[in-house]
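So the chains spell out like this:
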Amino acid sequence: MADNLPTEFDVIIIGTGLPESILAAACSRSGQRVLHVDSRSYYGGNWASFSFSGLLSWLKEYQQNNDIGEESTVAWQDLIHETEEAITLRKKDETIQHTEAFCYASQDVEDDAEEIGALQKNPSSGVSSTFTEVLDSACLPEESQSSYFNSDEMPAKHTQKSAREISLEITDVDESVEKEKYCEDKTCIHTVSDKDGVKDESTSTVEDNANQPNRNRITYSNIVKEGRRFNIDLVSKLLYSQGSLIDLLIKSDVSRYVEFKNVTRILAFREGKVEQVPCSRADVFNSKELTMVEKRILMKFLTFCLEYEQHPDEYQAFRQCSFSEYLKTKKLTPNLQHFVLHSIAMTSESSCTTIDGLNATKNFLQCLGRFGNTPFLFPLYGQGEIPQCFCRMCAVFGGIYCLRHNVQCFVVDKESGRCKAIIDHFGQRINAKYFIVEDSYLSEETCLNVQYKQISRAVLITDKSILKTDSDQQTSILIVPPAEPGACAVRVTELCSSTMTCMKDTYLVHLTCSSSKTAREDLESVVEKLFTPYADTEINKEELTKPRLLWALYFNMRDSSGISRSSYNGLPSNVYVCSGPDCGLGNEHAVKQAETLFQEIFPSEEFCPPPPNPEDIIFDGDDKQPEVPGNNNTIIAKLESSEESKNLESPEKHLQN
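Criteria and thresholds
Residues numbered from 1 in each chain as written. Predicted model: local features only at pLDDT ≥ 70, side-chain atom pairs only at ≥ 80, totals over all residues. Heavy atoms only, no water. Axes fitted to C-alpha atoms, helices over the stretch in contact; angles between N-to-C directions. Helix = DSSP H or I, 4+ residues; strand = E, 2+ residues; numbered from the N terminus. Parallel < 35°, antiparallel > 145°, perpendicular 65-115°, else oblique. Left-handed = near helix turned anticlockwise from the far one by under 90°. Contact = heavy atoms within 4.5 Å. Phe/Tyr/Trp six-rings, centres within 6.5 Å; stacked < 30°, edge-to-face > 60°. Buried < 20%, exposed > 50% of the residue type's maximum accessible area, 1.4 Å probe, protein only. 1 Å grid on protein atoms, 1.4 Å probe; cavity = no way out; pocket = protein on both sides within 12 Å on 5 of 7 lines; lining within 4 Å. Points joined across faces, edges and corners; volume = space filled by probe spheres on them. Nonpolar A, V, L, I, M, F, W, Y, C, P; charged D, E, K, R; others polar. Polar contact = N/O pair within 3.5 Å; in protein donor to acceptor, adjacent residues only side chain to side chain. Disulfide = S-S within 2.5 Å. Salt bridge = Lys/Arg side-chain N within 4 Å of Asp/Glu carboxyl O. Pairing = 2+ DSSP bridges.

Q: Any chance you could explain the packing of helix α1 (residues 18-29) against helix α14 (residues 588-601) here in plain terms?
A: Angle between the axes and distance between the axes are the two parameters that describe a pair of packed helices. Contact geometry of α1 with α14 gives a least axis separation of 9 Å together with a crossing angle of 40°. Judged by the inter-axis angle, α1 sits oblique to α14. You can see that α1 and α14 cross each other, and the crossing is right-handed. The residues of α14 that touch α1, namely those facing Leu 18, Pro 19, Ile 22, Leu 23, Ala 26 and Cys 27, are Ala 590, Val 591, Gln 593, Ala 594, Leu 597 and Phe 598.

Q: Would you take a moment to explain the packing of aromatic side chains for this structure?
A: Each aromatic ring pair is characterised by the separation of its centres together with the angle its planes make. The full count for this structure, using the stated rule, is 19 aromatic pairs. With a centroid separation of 6.0 Å and an interplanar angle of 70°, the aromatic rings of Phe 52 and Tyr 220 are classed as edge-to-face. Taken together, the positions of Phe 52 in helix α2 (residues 52-63) and Tyr 220 in helix α4 (residues 220-225) put the pair 168 residues apart, joining distant regions of the chain. The exposure classification of Phe 52 matches that of Tyr 220, with both residues buried. Here the aromatic rings of Phe 301 and Phe 304 are separated by 6.2 Å at their centres, their planes lie at 45°, and the arrangement is tilted. Of this pair, Phe 301 and Phe 304 both sit in helix α7 (residues 292-306), 3 residues apart, which is roughly one turn of the helix. Of the two residues examined, Phe 301 and Phe 304, each falls in the buried class.

Q: Honestly, empty space enclosed by the protein in this entry has me stumped. Any pointers?
A: Empty space among the atoms becomes visible once a probe the size of a water molecule is rolled across them. Under the defined criterion, the tally for this structure stands at 3 cavities of 30 Å³ or more. Taken together, 16 residues line the largest cavity, and the ones lying closest to its centre are Asn 46, Glu 438, Ser 440, Gly 580 and Pro 581. In terms of residue class, the lining of the largest cavity is built from 2 nonpolar, 9 polar and 5 charged.

Q: So what exactly am I meant to see when it comes to the environment of Glu 438 here?
A: Residue placement: Glu 438 occurs in strand β20 (residues 434-438). In contact with Glu 438, not counting residues within four places along its chain, are Ile 14, Gly 15, Glu 20, Arg 40, Cys 578, Ser 579 and Gly 580. Side chain to side chain, Glu 438 and Ser 440 meet in a polar contact 2.2 Å long.

Q: Explanation requested: unusual backbone geometry in the structure shown.
A: Peptide bonds are, in most cases, trans, and in most cases residues other than glycine have a negative phi. Although it is not a glycine, Glu 271 adopts a positive phi angle of roughly 55°. Turning to its location among the elements, Glu 271 is positioned in the loop between β13 (265-270) and β14 (273-276). The exposed category is assigned to Glu 271, whose relative accessible area is 70%. In the Ramachandran plot, Cys 608 falls in the positive-phi region, its phi being about 45° despite a non-glycine side chain. Inspection of the secondary structure puts Cys 608 in the loop between α14 and β28 (638-640). Relative accessible area serves as the criterion here: at 0%, Cys 608 is assigned to the buried category.

Q: In this structure, what is going on with the state of the cysteines? I would like to understand it.
A: Disulfide: a covalent bond connecting the sulfur atoms of a pair of cysteines. If you walk through the whole model with that rule in mind, you get 0 disulfides. Of the cysteine sulfurs around Cys 419, a residue in no disulfide, the closest is that of Cys 409, at 8.7 Å. Residue Cys 419 is classed as buried on the basis of its relative accessible area, which comes to 4%. No disulfide involves Cys 608; its sulfur sits 8.8 Å from the nearest other cysteine sulfur, which is in Cys 27.

Q: Would you take a moment to explain helix α5 (residues 244-252) for this structure?
A: Buried within α5 are the following residues: Leu 245, Ile 246, Leu 248, Leu 249, Ile 250 and Ser 252. Just downstream of α5, Asp 253 is the residue with a positive phi angle, here 70°.

Q: Just checking my understanding: could you explain the pattern of salt bridges for this structure?
A: Two side chains with opposite charge may pair up if their charged atoms get near one another. Scanning the entire structure with this criterion turns up 21 salt bridges. Between Glu 226 and Arg 229 there is a salt bridge, and its shortest N-O distance comes to 2.8 Å. Residue classification places Glu 226 among the partly exposed residues on the basis of a relative accessible area of 30%. Between Glu 606 and Lys 251 there is a salt bridge, with the nearest N and O atoms lying 3.8 Å from each other. Taken together, the positions of Glu 606 in the loop between α14 and β28 and Lys 251 in helix α5 put the pair 355 residues apart, joining distant regions of the chain. Look at Lys 251 and you get partly exposed, because its relative accessible area is 33%. Via salt bridges that share partners, Asp 10, Arg 33 and Lys 433 belong to a single interconnected network.

Q: Help me understand the pairing of strand β27 (residues 575-578) in this model?
A: When a strand is regular, its side chains alternate between the sheet's two faces. Residues Val 575 and Val 577 point to one face of β27 and Tyr 576 and Cys 578 to the other, with burial holding for every one of them. Pairing of β20 with β27 involves 4 bridges; the strand directions are parallel. Across the sheet, Val 437 pairs through a bridge with Val 577, a residue of β27.

Q: Honestly, the environment of Lys 504 in this entry has me stumped. Any pointers?
A: Looking at the secondary structure, you find Lys 504 in the loop between β23 (490-495) and β24 (507-514). The class of Lys 504 is exposed, set by a relative accessible area of 54%. Along the backbone, Lys 504 and Glu 226 are 278 residues apart, and their C-alpha atoms lie at a distance of 9.0 Å.

Written as structure tokens, this is what we have:
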């Protein structure tokens, strides 16, 4: 059990975010004894994905965070020797702030579905409701002990995939497939009025307008009933098809545990309208948005960007200029400048230099055509799958995992200044050579001189796509330019039900930008441009063309990327810090950080090498060689294109296409 762990490890890792999980897999794969713990009840930290009810439980936890008393823990002071000192860790996660949830969908009072979560009325009504009752009958029981397993017991969420190890798979998926979520502490909440604690339907939801034209009527109760079909990411990211994370997944063979879907469209927001951006040569010449002259100019410029480093004379004079200023000198029309800046380079007008813009454009173009007509892939069931895949690899090679397991302090030797052990909430003293910790666990004293950035996030559930086409299964990315100079652009990712992240006839929309205010203040204007609140009573014909907004959540997330080690106070030399999610679109920062830290700790070891052939594995004392789980039932990768899906022999073969 978790209260009787081994006392000696090579590496102890605190937090199960993406960089920590990659490091855990790399360390375990290189033969290190790894203990991987997390105080949360789910994998991924701020990289996690939740079902709808799981998200509302997570939301309730953060809204009540300030009122939660400290858990009873074993006193650790007596376990510190005279030659040692302790560095305490933070007891509460303070990386999420300014959470606000709004329900716009109507609620069918006669429906028997149980209602869960925090609802607020349409913000214009000025009425909000609060969390009160917990409906245990509709929830999974929460374990009181820490979850504990070793290489013989896989992470809970992956038990479904253990029988079918999956190669890097780009495929369409039947929307009827339902995935069980891993979070075991889902809490169901009634919404009640402020008076007498009596439930009041009139203040918990927004009534729909009976005069609105007929559409598929989706109520809040429908969303609750189909809650397990949602897999809602806390952080919105995509994978570049030629990016470092894809390469790492294939190299380490972790790709067998996860499947992907192509992002099918790149969109642009210009003059109040959403348009599709041509990406490939065929798209450019088939586009009706561009004139023939514009098509030729665009193709010439994109060809130059692919080999811009070979023509330094073309941009040397503009190295100190912004990329937007440089584009104006290339005879690009305003229409083309907008497409290149916001939808291809995906940069801001003010902060992006010419070199950064050319490099971003080149990276975009190099990723085209590898797995589809856009550079991006999205993991089925959400971004939260990726950290768990690396956790699974760590467990396969002997790593031990404990969820709901709090670490109270680091034990530091005064003479050497190195960390010797941790003390957990059971009072166990566990020794190790190296320690890796996610930034959010460090105390205020340790982070006193750290200046954090913030990310503004919004999660929306809508009833149709922001750009309607013949197919209702489009996965899209859109960059909305800032309304004012100096402000940040907003990245919008729209996911359809075939990504296994939302129920049928709905779309899951993620909005992300760097914070200047609260998330709602930063993002609400963009939401109003693209969507119509479901219950608006005064809607003109133009508004009817917009998707209806059914449910919305706003929150701010800490961005701890880019912080130097010297910013932390009193950090022992063998304690290494991983950052949380950054604001970027890809996962390159997390992969680079994990690889850099691994090479610093184990400079002579290869980072996440390919796994050995199962037939070559010999276990001491075993006459019979064990099989690698799922090895006999591997699904060969399939590549989805706009025309057809092709079977491939191995993940490595995709890279050569």
